[in-house]
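Residues per chain, in single letters:
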Amino acid sequence: MRTVPPVGEGMSLKIAIIGCGKIADAHVEEIRKIPFVQLVAVCDLEPIMAEQLAMRFSVSRWYSDVAQMLDVEKPDVLHITTPPQSHLSLTRQAVATGCHVFLEKPVALRHCDTEAIVASVVAGRRKLCVNYWPNFEAPALELRRLFESGVLGSAVHVESFYGYDLAGEYGMALKRDPNHWVHRLPGKLFQNVLDHILNKITPFLDDEQPLIRAIAYQGDANRADEVPGQLLDELRVTLHGAHTSAYATFSCHARPVGHCLRVYGTKNTAHVDFMARTVVLERKQALPSAIGRLVPSFLTAKDYMRQGMKNVGRFSRSQFHYFDGMRTLLTDFYLSIERDTEPPIAYREILRVSAMMDDIFQQVYPEARS
Amino acid sequence: MKVLVTGAGGFLGLHVVERLLAHGYNDIRCTLRDRAKAEGLLDVSKAYGAPQLEFCYGNLRSKADCARAVDGISLIFHLAAGLKGSAAELFADSVVVSRNLLEAVEAREGMPLRNTRVVLVSSFGVYGVVPLGRGAQIDEQIPMESHPELRDTYSQSKLRQEQLFWDYQRKDGFELVVLRPGVIYGPGGGAFSNRVGLQIGPTFFHMGGDNLLPLSYVVNCAEAIVVAGTHPDASGQVYNVHDDDLPTAVEYLRAYKKQVKQIRSVRLPYFATRMLASSLESYHRRSMGQLPAIITRYKAAAAWGGNRFSNAKLQSLGWRQLVPTSEAMATTFQYLRQQDTKQ
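Treat the numbers as computed from the prediction; the structure is a model and nothing was measured.

Cut-offs applied
Per-chain numbering applies: the sequence of each chain, read as written, is numbered from 1 onward. Each chain takes a letter, starting from A, and each ligand takes a number, starting from 1, following the order in which they are written. Given that this is a predicted model, residues contribute local features only at a pLDDT of at least 70 and side-chain atom pairs are listed and counted only at 80 or more, while totals for whole chains, interfaces and linings are drawn from all residues. With C-beta atoms placed from the backbone, a residue counts as buried when 20 or more other C-beta atoms lie within 10 Å of its own, as exposed when 12 or fewer do, and as partly exposed for counts between those limits. Helix and strand assignments come from DSSP, with helices taken as H or I runs of at least 4 residues and strands as E runs of at least 2, each series counted from the N terminus. Relevant arc is that of directions from the helix axis to the C-beta atoms, nothing else. C-beta atoms are placed from the backbone for every residue, and two residues are taken to be in contact when these atoms lie within 7 Å. The residue classification treats Ala, Val, Leu, Ile, Met, Phe, Trp, Tyr, Cys and Pro as nonpolar and Asp, Glu, Lys and Arg as charged. All others, Gly included, are polar. Two strands qualify as a pair provided DSSP detects at least 2 bridges between them. Orientation is described by axes fitted as lines to C-alpha atoms, over the contacting stretch for helices, and by angles from 0 to 180 degrees between their N-to-C directions.

Visitor: In this structure, what is going on with helix α6 (residues 138-148) of chain A? I would like to understand it.
Guide: Because each turn of an α-helix spans 3.6 residues, side chains separated by three or four positions in sequence point in the same direction. Residue and element names in this part refer to chain A. Those residues of α6 not exposed but buried are P139, A140 and L143. The buried residues of α6 occupy an angular sector of 100 degrees when projected down its axis, which confines them to one face. Exposed positions of α6 whose direction lies more than 90 degrees from the buried face are R145 and E148. Each element contacted by the buried residues of α6 is listed here: β11 (259-265), β12 (269-273) and β13 (278-282). At the exit of α6 stands G150, carrying a positive phi of roughly 85 degrees.

Here's what the structure looks like:
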């Protein structure tokens, strides 16, 4: 009898993190769930921030100088969780010392910087991955399987919706601090989340340069004083490709705060709810007349029941964490390093998302481009 | 003498400014993140003639803002701290801000550090109460927490903040006075401290039981900060801050239900809380954090172990409780009732 070795057996990648802000907690938590890697050190320019992360998660060593950390620890992979202003220089520094790079979104300030990041990694024969974690949640992977197996047919139209709560933990951080790095991004608040909206569309919209139209506005005039500067908080984007169209929505005011994707196919339509972690199909009906209107709600109910039971299974197997998709993505990325295979996210996808973002920000914040 | 109050726009800050004015300090610089908070301070100051309130707007995460704030000041009341948000934010707002402030104090030219007094508002959360066992008295002799990694992130950040102040005091030799309030409450504050219990979904889990609540009504707390902060004998000292006539957690909860509104509550005796904590901790570990370990045995022992408290040291400086607890609770509950009606 042959036994299958556990995933990652024999591997021992050394991981380090630069940037010890809020999102670094999620990286540490997910890295620690992967048995074949070891988090060796964390680093932040601000020593207090590096120290607190190391203390809370019992990481043995912390640094305030990334060059020193790379020199002493010699990690295999550097997670860059700093604001995007520093991503290009840190990626170059990491690649120069032989590190692969796992990059927090947004990838960079501008598309040209994203191109430089990818070029630097390719030239250094290292691998790069961007934290597009929701695309590696179980329902997103199920949607991918449905599409690839032809259940949906060809994509006619895609709707990607992302809700944001300015009163939540991340939103409050922006509101409290007028100097927060997000306020200095060319696309401001939108730039911090738009990857997560567009990267769900690009697999269905294969055009290199779709026609993009974007409008942005402040959703509630009464809130104008709460957020510093001209922070627009509602964004609508239409994208037209040769065969597929898409609609991207970012909203700070719609309730409940949703996160979903709808793919209209030539055969069936799929709806993914990233908050409830469900994917349901709306099927073409073959039954006639009133019966045809009666049956679909029961089929949809059955789909939701099936999804609910799947989630119970995931919960019981401890695969229902908030950032479970990040664990899947990290595992795939680390394995691609060890096996020298393609990384889980194609560089072309990263570049296309980045180019679209540049186009959108040019339209909604034209002054930032001058 | 010009006095600096950081975090002057906060729940406690406004009352500290008022008590400073009452004690005759009428030249006060207030740091504010939010410009709208200046109005409340100006309202408070009206009762004291024409004091000089100077507003220094900015964020103390910025070293430049810190330098502006401490310029020419020899008495600093440092109240600004992170109260909520992620761990990173708590550390940035409490510890990084404190380090920036202390560096700005160090960097001043022509201001001898030995003539500078810094008054830090710390927290009961810094005490290492768990090894003491149930019923132990908490006074200023109790050592600081030696296992911060086992505590909640607020306590972690306050502990590191206070350590930082003592480190700089030893290095620079300025006068340091540390106040450690218990549970500060009053109009503008919240309804329940964790020491009473936790609201989980629609139910309030009451873990505090018959434990004494180290309440400090915001006016009494502010008075303590000013009395100790300006007392010549207070340099290098730590003072617990709580009121004299302390209710138990269950008395507080009953009064809340009677005077504010009825809430659904379930009382968990300490042994049941420990069992629940043990189960949650075990599940958290097994599931690698699928449910947060909001209660652990260590946190339960720190919050609900049941302690006695002493403010004798504060009283020895001449501090007296300005507002009796019965009146303070009635005022607080009236405010909470109004808030509830508004919602």
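From this point, the discussion proceeds with the structure in view.
Visitor: Help me understand the interface of chain B and chain A, please; the structure alone is not making it clear to me.
Guide: Each side of the interface is counted separately: chain B has 20 residues, and chain A has 22 residues. The element contributing the most residues to the side of chain B that touches chain A is helix α4 (residues 87-107) of chain B, with eight residues. Broken down by class, the residue content of the side of chain B that touches chain A amounts to eight nonpolar, eight polar and four charged.

Visitor: What exactly am I supposed to notice about the environment of G153(A) here?
Guide: Residues and elements named next belong to chain A. Note that G153 resides in the loop between α6 and β7 (155-163). Here G153 falls in the partly exposed class, since 15 other C-beta atoms lie within 10 Å of it. A C-alpha to C-alpha distance of 6.9 Å links G153 and N268, two positions 115 residues apart in sequence. Excluding its chain neighbours within four sequence positions, the residues that come into contact with G153 are G265, T266, K267 and N268.

Visitor: How do you make sense of the sheet that holds β12(A) when you look at a structure like this?
Guide: Through backbone hydrogen bonds, the strands of a sheet pair up, either in parallel or in antiparallel fashion. All names here are of chain A. Reading across the sheet, the seven strands line up as β8-β9-β10-β7-β11-β12-β13 and stay open at both edges, with mixed pairing between neighbours. Each edge of the open sheet is held by one strand with a lone partner, namely β8 (211-217) and β13. Neighbour-to-neighbour, the strand axes of this sheet turn through a mean angle of 10 degrees, independent of strand direction. Sheet topology note: the strand β9 (residues 234-240)/strand β10 (residues 245-251) ladder contains seven bridges and is antiparallel. Within the sheet, the bridge partner assigned to V237 lies in β10 and is A248. Each of β11, β12 and β13 touches α6; the most contacted strand, β12, lies at about 170 degrees to it.

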